[in-house]
Every structure is written in C-alpha cells, then in structure tokens.
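Now for the letters of each chain:
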Amino acid sequence: MVQFRYRLRQWKLCPFHLISQLDMNRLWDRILRKSGLPILYSQGFNPRPLLSFGPATPLGVESKAEYLEMFLGEAIPATSLQEMFNRYLPSALRVVEAVSVLPEAPSLVREMKGVRYAFSFSGISSWNGVLLPAGIEVQEIRRHDGSLWVFFLFGAEKVSFSPLKFSRFLQENFGYPFPDKMIKEEVFFK
Amino acid sequence: MEEINLSGLISNKEILSVEKPGRYIGEEINVVKKPDPVKLSVALAFPDTYEIGMSHVGMKILYHLLNSVPEVRAERVFVPWPDMGALISRKGIPLYSLEGKLPVASFDLLGISLQHELNYTNVLYLLDLAGIPFYSVERDERFPLVVGGGPCVFNPEPVAPFFDFFFLGEAEEGFLEIVEVLVASRGEKKQDRLAQLAKIEGVYVPSLYPPRLLGQEPQGDSSLKPVKKRWIKDLDRAFYPTTLVVPYVSIVHDRIPIEISRGCTRGCRFCQAGMIYRPHRERSPERIRELAESLVRSTGYEEVSLVSLSSTDYSEIETLIRDLSLMLEPFRVNISLPSLRVDTFSVEIARSLQRVRKSGLTFAPEAGTERLRRVINKNLTDQEILSTMERVFAAGWQDVKLYFMIGLPGEREEDLIGIVRLIADILAVGKQHQRKASLHLSAAAFIPKPHTPFQWVAQEQKENLEEKARFLSSQLRRFGKRVRFNWPSFEMSSIEALLARGDRKLAPVIERVYRKGGIMQNWTEFFSFEQWCSALEEEYLSLEGYIYRELPFSAPLPWDFVSCGVSKEFLWNEYQKARKEEPTPFCQEGRNCFGCGVC
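Not measured: the values here are computed from a predicted model. (Residues numbered from 1 in each chain as written. Chains lettered and ligands numbered in written order. Predicted model: local features only at pLDDT ≥ 70, side-chain atom pairs only at ≥ 80, totals over all residues. Heavy atoms only, no water.)

## Quick look at the sheet that holds strand β15 (residues 438-445) of chain B
All names here are of chain B.
Piece 1. Pairing in this open sheet of four strands is parallel, and the strands run β13-β14-β15-β16 from one edge to the other. With partners counted over all chains shown, the strands left at the sheet margins are β13 (361-366) and β16 (483-486), one partner each. The mean angle between the axes of side-by-side strands here comes to 20°, regardless of whether they run parallel or antiparallel. (Pairing = 2+ DSSP bridges. Helix = DSSP H or I, 4+ residues; strand = E, 2+ residues; numbered from the N terminus. Axes fitted to C-alpha atoms, helices over the stretch in contact; angles between N-to-C directions.)

Okay, structure coming up:
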C-alpha cells in the first residue's frame, strides 16, 4: 500500500502541560477522525490509526517541540495539514511545523540526539555550577522578570531523561527550588 | 467581570500536587466561548466531578441549547475534587466557570443539575466555594438566581430552601421561556422576577409555597396549583446538539450519546425513571442518522452510544443499527447499547455490535423468583432468563454482569434462595458453551422513590439488608471464582432513601452534614453515615420517621404538589396489584392503556 508519512511539531503550552501523553493520543485520534483525512490504520483485531509520538513529555512540563508522525493514504501538502489541524486545535496546542518524510526514514526516537529544556526558578539569584549527571549540561543562563532561566541540554544517553526527575535531582542534591516553569524548547535530530 | 488568572495564582508545584489537574483547565475542542456582553449569563453547574458531569447527556443538551440563543452565554461548572477545592479555598480563588474562568457568583443565573440525592451536600459545597449564601432568603439581587433541575426535582423539598426556583421536566420544552422572562426582567427585584417565573408551567418557586411535611396536612394556601412537569411531544422537533465538547482527560462515558427514545413502557414498580419520564417517545431513525453523522464529524469520537432506558424496546432497533453501522463503518466508529433487556432478541442485537462484543454484557433480572418479579412488574420467567443467558454464552461471551435488588416489598427467604438457584442454573447452561463461564453479581438495596407505586413502602433496615447480602455471599461461595458478588453500602442506600422521601426539615440536616465536612457523599471514601445520624439527631429527626415506616394512602406526601403526569391513584392501584402479585402489561399507546394519566 502507498503510504505518505508526515512529521508534525506541536506546541503544548500552559495549561496543556496538565494533560498527559495518553490524553494527547486520544485527542489526535479524534482530531484525525474529525478532519476526514485518509489516515491509515494498523492491521489486526483492533485497528489503530498509524500515529506515533516522540518520547512523552511528563505532566507539568510545557513544550514547544512535541513531535508526532502519521501515515496517510494520499499525498497532501504538509502545509495544508498544518492549517487544517490548527483550525481545530487551541492556539497553545498549535502545529508549528509539518513536513513529509520518507516512509522508510528512521523513527523519531532513533533520530533524536538532544533535547533542550528551559527551567525558570524564582527566589534564587544565581546559578551555582553544580555537578550534573553525564549527558546533561547547562547551555545558557538568563535573568528575566525576576526569574532565573537556566537552559539545559540533555544529550547522549540522557535524551529521554525525564525533566521532572532532573528537577527532583536538583532539589534533593543542591537545594534548588521546584521550577516555576519547565519548557521543552527544542529537539535536535541527527 | 474579570477572568481569573489561574496559572498566575497557582504555582506549577501546587497544581501538580492535585489529582488529575487536566480536568480544571477547560479549553476543550468545541467549547463555546461567547464575547461579552450578553443579556443572560448562565453557569451550568453539576454537583459532582468533571468526569461524571461531563458524561451527563442532559448537561450537554442544556449547554448547547442555551448557547444556541444569541443573547445567552452558558458556561460549565463542576465540583472540584477535595484536594483542588482546598487549594482554591486556600488561595482565595472563588469557584470558576471552565469557559471564561469567571467567578460563579458573577453569573446572572446558576443552574444546578440534581441527578442524585447523595449529591445534595455538594450543592452547598459548590455554593460555598463560589462564595454564595446557602439559603434563598439570604441572597439578594447581587447574587445569581439559583435554579435546580433534573430527576431529584420530582421531590425538591429537602433542598427547596437552597434554591430560588426549580424547573420540572424537560428543558427543551420550557426552559427558553425562563430565559425570556429573565432577559426581560433584568434589573428588577428578585421577588418580582420570581413571581413572573412562577407563572411559567413547570416552574416551582418554593418561597411561594408553604412547606409540606411527610405525613402532615399542608398548612396555608390550598389554592396553589400543582406544579406540572414539562415534556416534549415530538423528539424529532426537540433540540439536540450537533456538536459536543470533547474532553482531554478521560471521563466516565467518553463517547457520543444519541438519545434514541425517552421514557420506558415497561412499568417496573420500583423504577422512578420509568414513571417520571413517561410517556415513551422515540426519535426517528432518519433524525438519529443525521445526528450521528454530524456528531461524528464535529467531535471525531470513536463511539456512538444509543441511549435510552431500554434500547431494544426501540421499535426499529434492528434497521437502525444496520443502517448506522453501514454509515459509521468508514469512520471506524463503533456503536454501543447501554441498556439491554433480558431476552434473546437483545443478545442478537448485541452480537452485531463490535464494541459490545469486546466489553461485557449486563442484564438486570432484579429478583430471584418469578413470583417476586411479578410483584415488581418485571415479568420475566426463569426460562426466559436462562435462554437469554444460554444465547449469551453460546455467542462467545464468558463473563456476564447481573443486577439484583434486595429488600424489595414482599421479598421472602425463598426469593434470596431463588437468586442462588438461578445463578446455579445459569452457570450450568454457561458451562455447556464456555469452559470459563463466570458471572458478576451485584445486589442493590431497594429504595422507595417518589412517584413510584412503591413510594409508600418502608425501606428495609440496613442491618437486615446486610444480613441478606451476607447470606447471599455465603451461598454463592460454593461457585468459587465463577461468581463474584458485591453489594454497595446500605448505609448510603438508607441516606439516599431519606433524601428521596424527605421534606423541608431535611435542609438544615444537609447543611449540618456539609458543615461536618460531608462532601462527595456518593463516593464511598467520603461518605460518613455517622455524620448523617448525628445531624439528624441534632435536628430531632430520625431515619425511622422517614424511611422505616410504611405510609398509608391518606398520608400527605411532601411531593404531592409535584405532578409528573402519572396519577397518585394509578400508583396506588399498581401498589395494590403488586401485593396481589398481579402484573401490568407494558403500555402501548392507544392499544394497551392502563390510565396512568400522562398522555
């Protein structure tokens, strides 16, 4: 069967950081049915739409880089897909990028080489260099509106590491407060 | 009115500490957001959680019906889980609507859906979180008018002092008349507005009626007319939404409900829904198909549920399902049927549905012997039950749920033994087809509900019910893992009965329970029987006075002034027939009329 594969990048900004990845799966199921697009389904007793997501962003973490892929039975311009989905989605969940990819290209997860997160802390004035786990590094520190923004790059074996676990690590080992905001800023691909 | 900036007031750490925070954000697909100004803003509140309130069909109808009027803006309100309730109280955030994040107290009208008696303390919880005084007399024009609707309004007396008015019956018929009066009387005195509302049929303004106490002759103005329920004659012409709000978090009934019929023809004598939703009306297959198509297109839902009190009583159910299946197949949308009759026809219908095939089947024989089933007018023979079950197991199901009731009027020991014998017979039949045939049994307590033939009956003491349940449990143990048996809290059933049959003296009891911390009383983890008992005692009242005594026909009932169309004489006559174990065949318009009085 002819398959056309699309990769979408979606925002998941406040307050949608309070809905889970499972909720997002269900949402996309319904958005696709609503759209009437020729979505392809899996084989078997309980066919599911051919949809796949990048690693789940945990509850409480916002994102400007949620990636998902879908398979359609017809070629549709990626930009039309983006426009169509954005008609249905609230703006804090909008699709900011849509591209078509080769059906045989490696999976999202296999292609990821780094993720950049922004954490905002209030009540602390500076970031004291601390010993971070291997694979996580501080990229940038900014002060903005009385908050301290620290940008971390999760690379190598830490690509799929949970930013929530990381914030607990900072709390427990170095006494940093729980971040006011955690945002997945960017995903880097190989 | 200013929108509440939730993410500014509640930190990420705090909101992550509450269970399922996704239910407090709103912003769902198809949510209706209307710009100000409108002529009437309505907060539609459900005194239970988001997951339950969002599953309720009536809420969906009312929400979209009201929003279909250009000058009206309706927004949803649900009761937060206690962790979130405590958080917003601590932060000084008033209860807010999901659409505009507006304080509930800033709306013109607050509508509260009363679906279940055990939610009554949540009405106060909701008002408290919203910063609205509990009693109608304490609220002036600065507060929204508070209206109640739903099946509990067929005896609104226990909560009557908390409400400014009630609407009795079906909102598609009559609620827009209320809207008209409210829009036209904007700015007028509350009492004047209530007097105008009272002229609308189906509206009950409790402050205009003297309290009616159980078993006592009513005092005061005897010229007051009964309040008659509103109902729509033609379901096809009635408003039904063509779009629905699609939640992010999963809710109890996460699917498209299409109401295929309203009312039930069967006339089971314990069943309140079977009486108050009379007469039986059907939506045409054409209209159902039209609704299914637009609802699937607008929501993207994966399942359509054909809702009614008894789906297989729908006159063209086979054709309807065949046509709908064909139509919905390309969308990969399943059909489900929630309420199946106990007969082989229903099993054949269920077989044709993929969704129902995967899930379990539920049937309600209600009683263990043919005699007791005749008493309650659920006229099934043992043979009919057995052949239905045989067909179920033969068709491939392994596990079936069966609902029974205990404490029914006229129940004898042989009826309990009858349940055990029936289970043994069903399992024997099941094992012929399924090696692993098993049953899931549940036994609810009979509750005497207003407007039913059994409204005069005493409820059985909860200790007796518990003994009966334990007896059943010990008898069923011999089936081992093949039969799982559970029963609800009979303490909860007795409070449900108390509130169902109660009068206005119970309003301070409800308030006391709320003040003792009694919220979410329909959740076993929060229900406290002791709180209810001490609150009753503090008001010099008792369960004995309300539910543990049989009432004579002559006893004035608190809901005597409320008319659902079915006459008291008909109900009494049905009760007498029950005592004689006489069945009443199901009604068929024009052919088989028993004069209940509704048509």
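## What to know about the interface of chain B and chain A
Piece 1. Taken together, the contacts link 29 residues of chain B with 28 residues of chain A.
Piece 2. Taking both partners together, chain B and chain A bury about 2,300 Å²; carbon and sulfur atoms supply 61% of that area.
Piece 3. On the chain B side of the interface with chain A, the three residues burying the most area are Asn12(B), Tyr248(B) and Arg332(B), jointly 27% of the side's total.
Piece 4. Linking chain B with chain A are three salt bridges.
Piece 5. With its nearest N and O atoms 2.8 Å apart, the salt bridge here joins Glu302(B) to Arg30(A).
Piece 6. Applying the counting criterion to the chain B and chain A interface returns eleven residue pairs in polar contact (both at pLDDT 80 or more). (Contact = heavy atoms within 4.5 Å. Buried area = accessible area lost by both parts, 1.4 Å probe. Salt bridge = Lys/Arg side-chain N within 4 Å of Asp/Glu carboxyl O. Polar contact = N/O pair within 3.5 Å; in protein donor to acceptor, adjacent residues only side chain to side chain.)

## Quick word on the nonpolar core
Piece 1. In this structure, Trp28(A), Phe85(A) and Ile423(B) are the most contacted members of the largest nonpolar core, which totals 236 residues.
Piece 2. Judged by nonpolar contacts, the second largest core, of 24 residues, contains Val61(A), Val115(A), Leu170(A) and Phe178(A). (Core = buried A, V, L, I, M, F, W, Y, C linked by side-chain atoms within 4.5 Å. Buried < 20%, exposed > 50% of the residue type's maximum accessible area, 1.4 Å probe, protein only.)

## Digging into the packing of helix α6 (residues 120-130) of chain B against helix α19 (residues 506-515) of chain B
Residue and element names in this part refer to chain B.
Piece 1. α19 packs onto α6 with a crossing angle of 65° between their chain directions and a minimal axis gap of 9 Å. Taken as a pair, α6 and α19 cross one another with a handedness that is right-handed. Across from Tyr 120, Thr 121, Leu 124, Tyr 125 and Asp 128 in α6, the residues of α19 making contact are Ile 510, Glu 511, Val 513 and Tyr 514.
Piece 2. For the contact of α6 with α19, the per-class residue count stands at six nonpolar, one polar and two charged. (Left-handed = near helix turned anticlockwise from the far one by under 90°. Nonpolar A, V, L, I, M, F, W, Y, C, P; charged D, E, K, R; others polar.)

## Thoughts on the sheet that holds strand β3 (residues 109-113) of chain B
Residue and element names in this part refer to chain B.
Piece 1. Taken in spatial order, the six strands line up as β2-β1-β3-β4-β5-β6 in an open sheet, and their pairing is mixed. Looking at which strands have only one partner, the edges of the open sheet turn out to be β2 (72-78) and β6 (203-204).
Piece 2. Across four bridges, strand β1 (residues 40-46) lies against β3 in parallel orientation. Across the sheet, the residue bridging to Ala 43 is Leu 110, located in β3.
Piece 3. Strands β1 and β3 of the sheet are contacted by α6, whose axis makes an angle of about 155° with β3.
Piece 4. The sheet contacts of helix α8 (residues 190-197) involve β4 (145-149), β5 (165-167) and β6, and relative to β4 the element is tilted by about 30°.

## Some words on helix α1 (residues 21-35) of chain A
Residues and elements named next belong to chain A.
Piece 1. Over its 15 residues, α1 runs 21 Å from end to end, which matches the ideal 21 Å to within 8%, given 1.5 Å per residue.
Piece 2. Where burial is concerned, most of α1 is hidden: 13 out of the 15 residues are buried.
Piece 3. Looking one or two places after α1, you find Gly 36, whose phi comes out positive at around 70°. (Expected span 1.5 Å × (residues − 1).)

## Structural notes on the pairing of strand β7 (residues 147-155) of chain A
All names here are of chain A.
Piece 1. Summarising burial for β7: nine of the nine residues are buried, a large majority.
Piece 2. Going residue by residue along β7, you find Ser 147, Trp 149, Phe 151, Leu 153 and Gly 155 tucked away on one face and Leu 148, Val 150, Phe 152 and Phe 154 tucked away on the opposite face as well.
Piece 3. As paired strands, strand β5 (residues 112-121) and β7 are joined by eight bridges and run antiparallel to one another. Considered in β7, the bridge of Gly 114 is made with Gly 155.
Piece 4. Bridge count between strand β6 (residues 136-144) and β7: eight bridges; the pairing is antiparallel. Across the sheet, His 144 pairs through a bridge with Ser 147, a residue of β7.
Piece 5. Counting the residues that bridge the hairpin from β6 to β7 gives two residues, and of these Asp 145 lies at a positive phi of roughly 55°.

## Brief notes about the packing of aromatic side chains
Piece 1. This structure, assessed with the given rule, holds 36 aromatic pairs over all chains.
Piece 2. Consider the rings of Phe485(B) and Trp487(B), whose centres lie 5.2 Å apart with planes at 40°: the pair is tilted.
Piece 3. Accessibility expressed as a relative area gives 17% for Phe485(B), which makes it buried.
Piece 4. Among the aromatic residues, those joined into a cluster by ring pairs are Tyr117(A), Phe119(A), Phe121(A), Trp127(A), Phe152(A), Phe154(A), Phe161(A), Phe166(A), Phe169(A), Phe174(A) and Tyr176(A).
Piece 5. Just above the ring of Tyr41(A) sits the side chain of Arg332(B); from NZ or CZ to the centre is 3.9 Å.
Piece 6. The lysine or arginine in question, Lys568(B), covers the ring of Phe553(B), its NZ or CZ lying 5.8 Å from the ring centre. (Phe/Tyr/Trp six-rings, centres within 6.5 Å; stacked < 30°, edge-to-face > 60°. Lys NZ or Arg CZ within 6 Å of the ring centre and 35° of its normal.)

## Some thoughts on the side chain of Ser336(B)
Residues and elements named next belong to chain B.
Piece 1. By secondary structure assignment, the location of Ser 336 is in strand β12 (residues 334-336).
Piece 2. Classification of Ser 336 by relative accessible area gives buried; the value is 8%.
Piece 3. Among the polar contacts listed, one links the side chain of Ser 336 to the side chain of Glu 303, at a separation of 2.8 Å.

Purely geometric numbers; function is a separate question.
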